[in-house]
Each structure stands twice: as structure tokens, then as C-alpha cells.
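# Geometric and topological summary
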Amino acid sequence: MCLQRAIELVQKAIDEDVKHNYPEAYKCYQNALDYFMLALKCEYRPNGSREMADLPIDERNEKSKLLIKSKIVEYLGRAETLKEHLTTEKRGKSAIGVNGSGGATGPTGKS
């Protein structure tokens with residue numbers, strides 16, 4: 001099921017995020033977001049949800065979709081933050097000159 005796979009991937013993303021393995025966390029967040037989007041398209045009906053057991057099926061589906069959408073926004077924000085960090089980190093490394101000093105523009109390390 002799409003939603004179950006999304007949850008598994010986001011759990012892995014969070015684990016990698018906590019370990020500061022940002023490239024892998026970013027990939028997992030991106031994959032999880034894809035599955036969350038698929039889950040929105042699927043006919044999702046929560047099984048055994050006590051909180052929504054008394055609601056009609058359509059209202060349950062709507063509440064589930066709203067929850068999924070809020071998680072998409074949350075995880076998309078974190079993925080964007082990681083992407084920015086990874087891009088900045090990559091630029092920072094490439095800005096170091098050949099001899100290890102910063103600010104060099106050419107391959108010889110001279111400005």
C-alpha cells in the first residue's frame with residue numbers, strides 16, 4: 001500500500017536525519033513524498049481508527065487526506081531545508097582553492 005510505504009520511508013529519512021546522514025535522508029524524504037502523493041490519489045480508508053470510527057466513510061477519507069497533506073507540507077519543508085544545506089555545503093567545498101585556501105578562482109589556486 002502506498003501509505004504504508006510512505007511511512008516506512010519517512011521513518012528511514014528521520015533516522016538518517018538524526019544520524020546527520022543528510023544526503024540519504026534527503027533521498028528518503030523525496031521518495032516518501034512520492035508515496036504520500038500516490039496515497040492521496042488512492043482510495044484511502046483508515047482501518048480500525050477509533051477516532052474516526054463513528055464518522056461516515058467520506059468524512060473519514062477527507063480527514064485522512066487532510067492529515068496526509070499536512071505531513072506532505074511538513075516533510076517537504078524538511079527536504080527543502082536539507083537540499084539547501086547540501087547545496088551550500090557542496091558550494092562551500094568547491095570554493096576552497098587547490099592549496100586549501102578559500103577564494104581561489106582558477107584550477108591553479110591563483111585568483
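Presented here is an overview of the structure given in this document. Residue numbers run consecutively from 1 along every chain, following the written order of its sequence. Only residues with pLDDT of at least 70 are given local features in this predicted model, and only at 80 or more are side-chain atom pairs given and counted; all residues enter the totals for whole chains, interfaces and linings. Side-chain calculation: all heavy atoms of the structure are included, whereas hydrogens and water are not.

## Let's talk about the packing of helix H1 (residues 2–18) against helix H2 (residues 22–41)
Interaxial angles span 0 to 180 degrees and are taken between N-to-C directions of axes, which are lines fitted to C-alpha atoms, for helices over the stretch in contact. Starting at the N terminus, helices and strands are each numbered in turn, a helix being any DSSP run of H or I of at least four residues and a strand any DSSP run of E of at least two. It is the contact of H1 with H2, at a shortest axis distance of 8 Å, that shows an interaxial angle of 160°. Taken together, the axes of H1 and H2 are roughly antiparallel relative to one another. Relative to H2, H1 is oriented so that their crossing is left-handed. Counted together, Cys-2, Leu-3, Arg-5, Ala-6, Leu-9, Val-10, Lys-12, Ala-13, Ile-14, Glu-16 and Asp-17 of H1 and Tyr-22, Glu-24, Ala-25, Cys-28, Tyr-29, Asn-31, Ala-32, Tyr-35, Phe-36, Leu-38 and Ala-39 of H2 form the full contact between these two elements. Here the nonpolar group is Ala, Val, Leu, Ile, Met, Phe, Trp, Tyr, Cys and Pro; Asp, Glu, Lys and Arg are the charged ones; every other residue, Gly included, is treated as polar. When the residues that make up the contact of H1 with H2 are grouped by side-chain class, the tally is 16 nonpolar, 1 polar and 5 charged. For classification, angles of less than 35 degrees are called roughly parallel, those exceeding 145 degrees roughly antiparallel, those between 65 and 115 degrees roughly perpendicular, and all remaining angles oblique. Crossing chirality is assigned from the near helix's rotation relative to the far helix, an anticlockwise turn below a right angle marking it left-handed and a clockwise turn marking it right-handed. Residue contacts follow a heavy-atom distance rule, with two residues in contact if any of their heavy atoms lie within 4.5 Å.

## A few points about the nonpolar core
Within this scheme, the nonpolar core is defined by two criteria: the residues are buried Ala, Val, Leu, Ile, Met, Phe, Trp, Tyr or Cys, and they are joined through side-chain atoms within 4.5 Å. Note on exposure labels: buried denotes an accessible area under 20% of the residue type's maximum, exposed denotes more than 50%, and partly exposed covers the range between, all computed with a 1.4 Å probe on protein chains only. Grouped together as the largest cluster of nonpolar side chains are 21 residues, with contacts concentrated most on Val-10, Tyr-29, Phe-36, Ile-68, Ile-72 and Tyr-75. If you list the elements that add at least two residues to this core, you get H1, H2 and helix H3 (57–94). If one sorts the elements of this core by residue count, H2 sits on top with 9 residues.

## Some points on the pattern of salt bridges
Think of a salt bridge as a Lys or Arg side-chain nitrogen and an Asp or Glu carboxyl oxygen that are within 4 Å of each other. Going through the model one piece at a time under the given rule, you end up with 5 salt bridges. Between Glu-74 and Lys-71 there is a salt bridge, and its shortest N-O distance comes to 3.2 Å. Here Glu-74 and its partner Lys-71 are both found in helix H3, 3 residues apart, which amounts to about one turn of the helix.

## Concerning the packing of aromatic side chains
The rule is short: rings of Phe, Tyr and Trp, with Trp giving its six-membered ring, pair when the centres are within 6.5 Å, and they are stacked under 30 degrees, edge-to-face over 60, tilted in between. Within the structure shown, the criterion is met by 2 aromatic pairs. Relative to Tyr-75, the ring of Phe-36 has its centre 6.0 Å away and its plane inclined at 20°; by these criteria the two rings are stacked. Separated by 39 residues along the polypeptide, Phe-36 in helix H2 and Tyr-75 in helix H3 bring together distant segments of the chain. We note that Phe-36, like Tyr-75, is buried. One aromatic cluster is present, built from ring pairs that chain together Tyr-29, Phe-36 and Tyr-75.

## Focus on unusual backbone geometry
For His-20, which is not glycine, the phi dihedral falls at a positive 65°. Among the structural elements, His-20 can be located in the loop between H1 and H2.

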